[in-house]
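The lines below spell out each chain.
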Amino acid sequence: MAERLLDIKDLWVAYEEIEAVKGACLYVEKGEVLCIVGESGSGKSTLIRAITGSSMITVKGSILLEGEDLVPMKKRERQKLLGTKIGLIQQNPAGAFNPIRTFDKQFRETLKSHDILFDNEKLDQLFVTLGLKDTQGILKSRPYEMSGGMNQRIAIAAAMLMDPELLLCDEITSALDVTTAIAVTDELLRLKNEKGTTIILVTHNLGIAANIADKIAIMSKGEVIEFGSADQVLYDPQREYTRNLLRDVPKLIEK
Amino acid sequence: MAHLLEGKNLYKTYREKAKVTQALSDVSFYLDRGEILGIVGESGSGKSTLLKAIAGMLKLDQGSVLYNGKDFTGMTPRQTGAFLQMIFQDANSSFDPRRVMKKSIMESGRGKKDEGRILELVSLVGLEEDLLSRKPSSLSGGQCQRMAIARAFYSDADILLCDEMTSALDVTTQAQVVELLQDLKKDGRLSAVFVSHDIALVSMLCDRIMVMKDGTCVEEGDTLTVIKHPCVDYTKELLESARRQSIQEISE
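These notes cover the structure that comes with them. The structure presented is a predicted model; accordingly, all values stated were derived computationally and were not measured. (Residues numbered from 1 in each chain as written. Chains lettered and ligands numbered in written order. Predicted model: local features only at pLDDT ≥ 70, side-chain atom pairs only at ≥ 80, totals over all residues. Heavy atoms only, no water.)

1. Remarks on the overall build of chain B
What counts, and what does not: The secondary structure listing takes helices from DSSP runs of H or I that are at least 4 residues long and strands from runs of E that are at least 2 residues long, numbered from the N terminus. Values of the radius of gyration come from C-alpha atoms, whereas the globule rule sets the reference at 2.2 Å times the count of residues to the power 0.38. Each residue gets one of three labels from its accessible area relative to the maximum for its type: buried under 20%, exposed over 50%, partly exposed in between, using a 1.4 Å probe on protein chains only. We call two residues contacting when some pair of their heavy atoms lies within 4.5 Å. Counted as positive: Lys and Arg. Counted as negative: Asp and Glu, with His and the chain ends omitted from the count. To locate a charge, take atom NZ for lysine, CZ for arginine, CG for aspartate or CD for glutamate.
Each helix and strand in chain B was counted, giving 10 helices and 10 strands. Relative to the compact-globule value of 18 Å for 252 residues, chain B shows a C-alpha radius of gyration of 18 Å, a close match. The dimensions of chain B, computed from C-alpha atoms along their principal axes, are 50 × 50 × 45 Å. Sorting the 252 residues of chain B into buried and exposed places 51% on the buried side. Intrachain contacts of chain B at a sequence separation of at least 6 include 66% that bridge at least 24 residues. With 32 positive and 36 negative side-chain charges, chain B shows a spacing of 7 Å between the two charge centroids.

2. Here's the deal with the interface of chain A and chain B
To keep it simple, the criterion reads: Values labelled buried area give the accessible surface lost by two parts on being combined, using a 1.4 Å probe and summing over both. Only one rule defines a salt bridge in this text: a Lys or Arg side-chain nitrogen within 4 Å of an Asp or Glu carboxyl oxygen. Pairs of N or O atoms are called polar contacts if they sit within 3.5 Å, as long as, within protein, a hydrogen donor faces a hydrogen acceptor (for residues adjacent in sequence, only side-chain-to-side-chain pairs).
Chain A puts 30 residues into the contact, and the matching count from chain B is 33 residues. Of all residues in chain A, the largest losses of buried area upon contact with chain B belong to A:V178, A:P250 and A:L252, amounting jointly to 24% of the total for that side. Taken together, chain A and chain B are joined by two salt bridges. Residue B:R244 is joined to A:D186 by a salt bridge in which the shortest nitrogen-to-oxygen separation is 2.6 Å. Linking chain A with chain B are five residue pairs in polar contact (both at pLDDT 80 or more), by the criterion used here. Elements that contribute at least two residues to the side of chain A that touches chain B include exactly α7 (178–195), α8 (206–212), α9 (230–235) and α10 (240–248) of chain A.

3. With respect to the packing of aromatic side chains
This is how the line gets drawn: The rule is short: rings of Phe, Tyr and Trp, with Trp giving its six-membered ring, pair when the centres are within 6.5 Å, and they are stacked under 30 degrees, edge-to-face over 60, tilted in between. Look at NZ for Lys and CZ for Arg. If either is within 6 Å of the ring centre and within 35 degrees of the ring normal, a charge sits over the ring.
Applying the stated criterion across every chain yields a total of five aromatic pairs over all chains. Arranged with centres 5.4 Å apart and planes meeting at 85 degrees, the rings of A:Y27 and A:F227 form a pair that is edge-to-face. With A:Y27 in strand β2 (residues 18–29) and A:F227 in strand β10 (residues 223–229), the pair connects residues that are 200 residues apart, well separated along the chain. Where A:F97 meets A:F103, the ring centres are 5.0 Å apart and the plane angle is 90 degrees; that geometry is what we call edge-to-face. Given a relative accessible area of 11%, A:F97 falls into the buried group. A network of ring pairs unites the aromatic residues B:Y67, B:F72 and B:F83 as a single cluster. Between the NZ or CZ atom of A:R4 and the centre of the ring of A:Y27, over which it lies, the distance is 3.6 Å. The ring of B:Y154 has B:K112 sitting right over it, with the charged end atom 4.4 Å from the ring centre.

4. Overview of the sheet that holds strand β4 (residues 58–65) of chain A
Residues and elements named next belong to chain A. The cut-off we apply is this: Think of it this way: DSSP has to see at least two bridges between two strands before they count as a pair. Axis geometry follows a simple rule: fit a line to the C-alpha atoms, using only the stretch in contact for helices, then measure angles between N-to-C directions, giving values from 0 to 180 degrees.
Read from one edge to the other, the open sheet built from four strands follows the order β2-β1-β4-β5, with strand pairing classed as antiparallel. Each edge of the open sheet is held by one strand with a lone partner, namely β2 and β5 (68–69). Here strand β1 (residues 4–15) runs beside β2; their pairing, made up of eight bridges, is antiparallel. Across the sheet, Y15 pairs through a bridge with I18, a residue of β2. Contacts from helix α1 (residues 44–52) reach β1, β2 and β4, with the element oriented near 110 degrees to β1.

Function cannot be inferred from these measures alone, as they are strictly geometric.
This is the structure:
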């Protein structure tokens, strides 16, 4: 059996009174892509926040990263894991950058804080695959000068530059065009195939999941209602809810 | 007979300091009554500029727009509002946050005060009456988008201009809004220009497709023809992306 990189057992997360995640159980093996799919408010982003250890949430249960439980860890210890061990790309890239500093400064600073050398060639390659032309021009610009789609791709490049073992992606394709979304998922797949990065992608679109996932977890109202291999969930869904989600993916009418 | 809506050789340039962007370059289109025209393209292709220019929110550099054969180039949004209404991606912020829904909808009627009609429209878009006494912040994205459709209909406008109206919604809510538009179209109540980056979505809804890239129309035609026999590489690329994101076989 392949080794489980992340293993979540009976996880409960609550914001004050509201229980956002209720008894979630799921895992991802090394080098796999797990997609967590659900509607807004299903608890999928909260689950991601529980993994990164954002404050303001209380947790019961365990989150094992290579066998070590993250839940009882101190905040400082958990922060150390962020960036190098666990990478996070969020839906809203504006939150990831300082809006008025150049990307060049921000990239260098981030890498320096993790003792990683700035590799121009690697960055250039990453930019090209993410459909970003003119690397030097972009590095000289500032986040506020860029469109949302551009900032999102640059945020993805920033997270990928660090080569994290586990990359958490929270609705990163939702604000992008279909073509750009495909380019981004292709890049994630390349990362998985070439570097063996383990990826957890949160999305409301099963179409995206179908394109990239090894495993799929379906969440509804805070619960993981279906979890299995992508083939199982897509081709032999056990729950009515999953079948409805499948039905709602826009289909190209060709006849 | 004249088309319901027509644009002829439209040009628009954005100038910011030394940077000049040709947002629309010789774009022409038409829309007939009871028809939905889909406009697809990536961000920056000029789709939103086109809609804003039609609605009078932007000044065109060149070209003319016609409603039932009559030139209305240069009209303000307030004037064009009598026959066309925009529906935006972010429906929530298109309503006054301090007003209840009913007031916002009433306002679009230009003095008309017909509560019965509002109730009728709200039920047409599949919402409960009691939502009318709420403010936009307490409605979900999908509910707001439905209210925006009801508001547009209340104004008695002939034409809806929909700018990425489902992009901010999740797949399930999007499917519901699309279903609503399909129903309205069946009843012949809807003539619309539907802008989206998602060609699959457009294929489900539109009679004709126009593909835009870098401010120009690169392909135009009947939906099935464009999808089955795309002429330009760019359209083929869009279709390829859409196919990769679809899960056709299993959903049948």
